[in-house]
Amino acid sequence: WGPWIAFSGLPRGASASADIAIAHRDSLGVARPYAATSFNEGQPAISPDGHWMAYTSDENGRMDVWVSAFPAPSGRYLVSAVGGQLPQWSRDARTIFFTSGRLVSAVSFTPGTPPTIGAARTLYTRDPWGSLAVSPDGTTLLITDRVREGDPQTLVVQVHAINRR
């Protein structure tokens, strides 16, 4: 979103944990650390307003979704209570969607210091997951299965309207 790019991977020369780095489009050759700890951080998602980043970390012994201020990380707030991956923001940056096991869940998000993060509510149950995305107009979730092995290989795509409760 906007002028920033966020990505994850192993730092040069490292062999243990993945980190998140960011780069500004005016200086793409210069990556700066965003989340660099002894834990694995990944799946960064910058909020549409450019003020927050949702990402995953295994610091609780499982992958969970966290959120922190952006572009300068400040505060770290747990989003998923029982594990989570594939965080995605709603168009208005007031909802964070994520998967947890077989569930697609959503939490309300109200900016602040600290932000207010609502309880997760289950939207769909589906397995297996390949990816999760929110449409540009913010009205639809795109859910894909992993490509299945065998002949013929298949990719199953589901489209769901986002319930605006």
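Residues numbered from 1 in each chain as written. Predicted model: local features only at pLDDT ≥ 70, side-chain atom pairs only at ≥ 80, totals over all residues. Heavy atoms only, no water.

Below, the discussion takes up the pattern of salt bridges. One pass over the structure, following the stated rule, counts 2 salt bridges. Arginine 76 is paired through a salt bridge with glutamate 59; the nearest N and O atoms lie 1.9 Å apart. Within this pair, whereas arginine 76 is found in the loop between β6 (64-69) and β7 (77-78), its partner glutamate 59 is found in the loop between β5 (52-57) and β6, the two being separated by 17 residues in sequence. What makes arginine 76 partly exposed here is its relative accessible area of 39%. A relative accessible area of 25% means that glutamate 59 is categorised as partly exposed. Here arginine 62 ties to aspartate 64 by a salt bridge, and the two come within 3.1 Å at their closest N and O atoms. (Salt bridge = Lys/Arg side-chain N within 4 Å of Asp/Glu carboxyl O. Helix = DSSP H or I, 4+ residues; strand = E, 2+ residues; numbered from the N terminus. Buried < 20%, exposed > 50% of the residue type's maximum accessible area, 1.4 Å probe, protein only.)

Taking strand neighbours across the sheet as the criterion, the 4 strands line up as β4-β5-β6-β7 in an open arrangement whose pairing is antiparallel. In this open sheet, the two strands that pair with only one neighbour each are β4 (41-46) and β7. (Pairing = 2+ DSSP bridges.)

Further remarks concern the sheet that holds strand β1 (residues 4-9). What the 3 strands build is an open sheet, ordered β1-β2-β3; its pairing is antiparallel. Here the strands that pair on one side only, and so sit at the sheet edges, are β1 and β3 (32-35). The sheet shows a mean angle of 35° between the axes of neighbouring strands, taken without regard to direction. (Axes fitted to C-alpha atoms, helices over the stretch in contact; angles between N-to-C directions.)

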